[in-house]
There are 6 protein chains.
Amino acid sequence: MNVVIRDFPRAQADVIEGLAQAGVATVHEAQGRIGCLASSLRPIWSGAQVAGSAVTISAPPGDNWMLHVAIEQVQPGDILVLAPTSPCDAGYFGDLLATSAMARGCRGLVIDAGVRDIRDLTAMGFPVWSRAVSAQGTVKETLGSVNVPIICGGQAIHAGDVIVADDDGVVVVRQAEAATVLEAAKLRLDVEEAKRARLAAGELGLDIYDMRPRLAAKGLRYV
Amino acid sequence: MNVVIRDFPRAQADVIEGLAQAGVATVHEAQGRIGCLASSLRPIWSGAQVAGSAVTISAPPGDNWMLHVAIEQVQPGDILVLAPTSPCDAGYFGDLLATSAMARGCRGLVIDAGVRDIRDLTAMGFPVWSRAVSAQGTVKETLGSVNVPIICGGQAIHAGDVIVADDDGVVVVRQAEAATVLEAAKLRLDVEEAKRARLAAGELGLDIYDMRPRLAAKGLRYV
Amino acid sequence: MNVVIRDFPRAQADVIEGLAQAGVATVHEAQGRIGCLASSLRPIWSGAQVAGSAVTISAPPGDNWMLHVAIEQVQPGDILVLAPTSPCDAGYFGDLLATSAMARGCRGLVIDAGVRDIRDLTAMGFPVWSRAVSAQGTVKETLGSVNVPIICGGQAIHAGDVIVADDDGVVVVRQAEAATVLEAAKLRLDVEEAKRARLAAGELGLDIYDMRPRLAAKGLRYV
Amino acid sequence: MNVVIRDFPRAQADVIEGLAQAGVATVHEAQGRIGCLASSLRPIWSGAQVAGSAVTISAPPGDNWMLHVAIEQVQPGDILVLAPTSPCDAGYFGDLLATSAMARGCRGLVIDAGVRDIRDLTAMGFPVWSRAVSAQGTVKETLGSVNVPIICGGQAIHAGDVIVADDDGVVVVRQAEAATVLEAAKLRLDVEEAKRARLAAGELGLDIYDMRPRLAAKGLRYV
Amino acid sequence: MNVVIRDFPRAQADVIEGLAQAGVATVHEAQGRIGCLASSLRPIWSGAQVAGSAVTISAPPGDNWMLHVAIEQVQPGDILVLAPTSPCDAGYFGDLLATSAMARGCRGLVIDAGVRDIRDLTAMGFPVWSRAVSAQGTVKETLGSVNVPIICGGQAIHAGDVIVADDDGVVVVRQAEAATVLEAAKLRLDVEEAKRARLAAGELGLDIYDMRPRLAAKGLRYV
Amino acid sequence: MNVVIRDFPRAQADVIEGLAQAGVATVHEAQGRIGCLASSLRPIWSGAQVAGSAVTISAPPGDNWMLHVAIEQVQPGDILVLAPTSPCDAGYFGDLLATSAMARGCRGLVIDAGVRDIRDLTAMGFPVWSRAVSAQGTVKETLGSVNVPIICGGQAIHAGDVIVADDDGVVVVRQAEAATVLEAAKLRLDVEEAKRARLAAGELGLDIYDMRPRLAAKGLRYV
């Protein structure tokens, strides 16, 4: 039952780059408020903003063997995404695996478990979004699978889906929808820019969005 | 049942400023060890130390409509305080709302839920204490109330109460007691300064506070 | 039943220093993947990497009296380790206690509870690993014990055990095993250095560790 | 600062009895969807459905002294409500205190902390809603207060407020509003009874509540 | 973007019935140790053991409107499965909705949020697996979708997938694999029955499964 | 490093029986308020009250191999106690292992992880205290150790320590102290019996324990 899927479609590089620049919150809104991974996944250092194609890993609790298998499948621009088969916060990933991943062109790791060697990963500039930081070691005894669909942070992730991650967390965009979502994100950024100027000038959202009649209709009273 | 209360008393500006300078831990002690909000409310960036008059918001889960309403009620020096009516970690607040709030003179946000656009909020210098960071969007469909009493982080907050927040978290001071608490805080700071010098010189708390007889009376044995 | 134990063996200073340099993850692996404290214990500021002999404190919930007692027992190079007798996140420790502890040569605090005065502790360079940050004050009414065995972060800690702590968390090494563990850690660091170079050059862990035959034997299929 | 307030208004006995019969969910709805305590407060045994006037207790973590003080203030029909001043799950209450409380006519306990002697409390028929079950003992060293306003389970509770509790959890009704809320609850029960018959007969809520036009207007599509 | 999908394939009734009889743990093992929903989903009463075709609901936090829409789509033998779009523990479902669901032949509810009217649901024999019990009410303001793929309890659920639930929790079986999984489950039950008799007679798993050589080869020492 | 320790001292059978009858809360108090395991360990069914000698198991996350090894070491009257080496809630134990354990005279299981087959375990009358119920399966790939000291539920447990467990949770008594603790527990039960009668008659704890002067000295005011 344990497989490594070698081939899957990836989104175009310029689309992925555009999604990285748009950022998590904008991309999430642009695709209809779907795709946010759980807020328990946090960056281990601040300021990274990346996007890449998902290389997915389903791994047993406390066993990081499949990370070695997955790294061989990484192409430049990919992001590793790991979900344990039962909740586990052990430290699956550290500076040696990061060295190997970076040598393959990997842009980061999203993991619904723990990582370690935080200081080294930060110095290397390798971004990680994880549920925990833990030095607790793992074993290499039990198989998992690579590039099968997984659930990570409460979202379904397929190999090749675009992962966008920044200080707000992580969002997933289906591979086939990436270009469309990017268009919507760009439109949204333009609209937001205009609104920002008006709000900075002191105009109220109540007026810009014409909310007052609807608030009154719903029954809001000022006293 | 949904109301916006426009008028409420605020503490004097110099009292609020004094409380900001005293900081959360000192103010909490000075008022008799009450008023700390839950430790689950953490700053999104380090180093802010502010105080302001609470503009309170009671909002449904996943609905940030009342934030727009509340911002109109903000006066310079106020702090927004939001509690959802049932636990929710969605991202109620981001850089557009922060732009609007700053244009009104708002000093920060305390929210028992999620926020997003962390990088922008940090760059803008807008301080937030929240229970979560989440890009998950919210709707504008259901009314809440503004400036009614709320429970946020396990503490009752009334409009006009003084909110003090720093890297230690958040404490609330009743509006009518703010001046008295400030006096007590100043006394405490003076006393602490004297103690700090003695402790730094190597004196022990056991001796400074004359704890040895009471420890012996309680039965502590040295072996 | 409440005692302060004055005398206990400590590891040699150069061994402790060596363990500090090896860091938490390496030490944890070197002693056979044991000794990691729970990942809920996090540093209040990033970048500290220390080791020291444990001075242990068993304290009631919300009562920090024993910290004053323990500081008298601190010798230069020690680390305070506190566990409450029932779960509690109140702020047991702040800048005054840190001033006193530093005056005694204390290298840090590991506490399965809360601390406060985060900004001051950071400015002083006093490292703390804690479960929470909370300004909530504590009392001085009930005895505990000092230098008895405690459970902190899910690990048994005895006075004199070596505590190693960095951004990955905290690990405990038995006092009698410290020198042996250090030897193993040094060996491990040398091996890792060699592997790092090969991985950085693009070699795969699959090949370096000769994993392919065992993966095939377990039944992993590539599709 | 530590006080015991002896006198406070209670709601009428028949109103309290009526609210008990209506139950938590109905009372919560009848007063406009407010007043539910956090879902972390669960009954220690199933099937109790009670209401009573709150005798409130603010107690330090791990210290149950004030329970003894509070029991003297109990009048027949009251319910004890305890909140610790910082989060604590120790076992504040067991069969001896329950024996004493029952001798005073106490109808139950709501506690945002732990209880013990579960088997005895169940055999005695004394209902408790708590955050934890824990045999961990407490001390009697530090004062708290009785019948001051507290926050329990995320709701403000004043002495004399009506507490309603059943298998759904706990709701608080302000003392002055108890009669009005009871009227609304009775109306609601009548309306629900009629709806229940129609739903049991196979009619759909979509039709009974005439939801179809509004769903269509919002844009719901059937495919 | 909000849709109700009316048609989807269901598994055969006798297959579903067979899976119900096999139970959650056996079905989970029979399909290769996949499909378990998170252990945070617990039955509100003990002893139910059911299976049915999933009617899925994606709902906003604190908004139960789509439950009314979904009930119209229920066919006899179906199970409702609801996931909120952001974490929420409000009480989405109670005795009125259960009355309506039962009138349509619904066999139960799996919900990654809260329910209420526990006593009534138990008396009606309507089984629910939920993350929380909460009387907190919900609104009917924002659309969601019915019978789209959702993530509930950390597992992807599609309309028509077979849900099996008992006191161990909940497991999902893909609709197309249900018959195959049932065959595997039956085989497993037969094997387990034989093992049970041997174990009850005092034989050891070490011998029945011939574990001793492999334990020795791995290096286990008896001292 | 992985060992099975065959021999260790056990407490006398009548002492263990006496501790079972005293129950968790009384034993915990009798030994000076120590030894309670974390309140997250709960019984899977109500009403069991047992004691036995600990057979300890240190197991990897998601790997239950060592349970088979440990059952061979069980003598009649023993209780299995398992702690995973990193947090894990998978279902390590079910009805087959329980059948085997019961055939060896095992009195129960305490596990800081998950169990499954709840209905069968309940029907068999095999008591379990666990952190989770989960059908998620485990593997048999990695060694652990049996009868080494472990930390379970935040307490150190050695092979042969007496485990007492009931509806209040679990407490551990050191093997060498079991007889002394039993004497103290019996005394305590006698004293409690006398107090219970007085409290049931309406006397107050304030008077029975002569608390009034000390409350007044501490400054409690009645208003």
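The coordinates are above.
Rules and cut-offs
Residues numbered from 1 in each chain as written. Chains lettered and ligands numbered in written order. Predicted model: local features only at pLDDT ≥ 70, side-chain atom pairs only at ≥ 80, totals over all residues. Heavy atoms only, no water. Salt bridge = Lys/Arg side-chain N within 4 Å of Asp/Glu carboxyl O. Buried < 20%, exposed > 50% of the residue type's maximum accessible area, 1.4 Å probe, protein only. Helix = DSSP H or I, 4+ residues; strand = E, 2+ residues; numbered from the N terminus. Contact = heavy atoms within 4.5 Å. Axes fitted to C-alpha atoms, helices over the stretch in contact; angles between N-to-C directions. Parallel < 35°, antiparallel > 145°, perpendicular 65-115°, else oblique. Left-handed = near helix turned anticlockwise from the far one by under 90°. Nonpolar A, V, L, I, M, F, W, Y, C, P; charged D, E, K, R; others polar. Lys, Arg positive; Asp, Glu negative; His and termini not counted.

Student: Whenever I open this one, the pattern of salt bridges confuses me. Can you help?
Tutor: Summed over all chains, the structure comprises 87 salt bridges over all chains. The salt bridge partner of Arg33(E) is Glu29(E), with a shortest N-O separation of 2.9 Å. For Arg33(E), a relative accessible area of 31% translates into the label partly exposed. Counted as one network, the salt bridges with shared partners bring together Glu29(A), Arg33(A), Arg188(A), Glu192(A), Glu193(A), Arg196(A), Asp95(B) and Arg116(B).

Student: Mind showing me how you'd approach helix H1 (residues 13-22) of chain B here?
Tutor: It helps to recall that an α-helix has 3.6 residues per turn; residues three or four apart then point in one direction. Residues and elements named next belong to chain B. Among the residues making up H1, those that are buried are Val15, Ile16, Gly18, Leu19, Ala20 and Ala22. Residues of H1 that are buried make contact with helix H2 (24-30), strand S3 (50-59), strand S10 (162-166) and helix H6 (178-200). In the segment just after H1, Gly23 is the residue with positive phi, at about 85°.

Student: I would appreciate a short explanation of the packing of helix H4 (residues 95-103) of chain D against helix H6 (residues 178-200) of chain F in the present structure.
Tutor: Where H4(D) meets H6(F), the axes come as close as 8 Å, and the angle between the chain directions of the two elements is 15°. The orientation of H4(D) with respect to H6(F), classified from their angle, is roughly parallel. Viewed along their axes, H4(D) and H6(F) form a crossing whose handedness is right-handed. Taking contact as the criterion, the partners of Asp95(D), Leu96(D), Thr99(D), Ser100(D) and Ala103(D) in H4(D) are, on H6(F), Glu192(F), Lys195(F), Arg196(F), Leu199(F) and Ala200(F). Of the residues assigned to the contact of H4(D) with H6(F), the class counts are four nonpolar, two polar and four charged.

Student: I tried to follow the side chain of Thr26(C) on my own but got confused; where do I start?
Tutor: Residue and element names in this part refer to chain C. In this fold, Thr26 is placed in helix H2 (residues 24-30). Note on Thr26: relative accessible area 8%, which makes it buried. Beyond its immediate sequence surroundings of up to four residues, Thr26 is in contact with Ala185, Arg188, Leu189 and Glu192.

Student: Just to check I follow, could you spell out the side chain of Asp117(C) for this structure?
Tutor: One can find Asp117(C) in the loop between strand S5 (108-115) and helix H5 (118-124). Buried Asp117(C), no salt bridge; nearest opposite-charge side chain is Arg116(C), N-O distance 4.7 Å. Contact partners of Asp117(C), with chain neighbours within four places excluded, come to Ala25(B), Asp168(B), Gly94(C) and Asp95(C).

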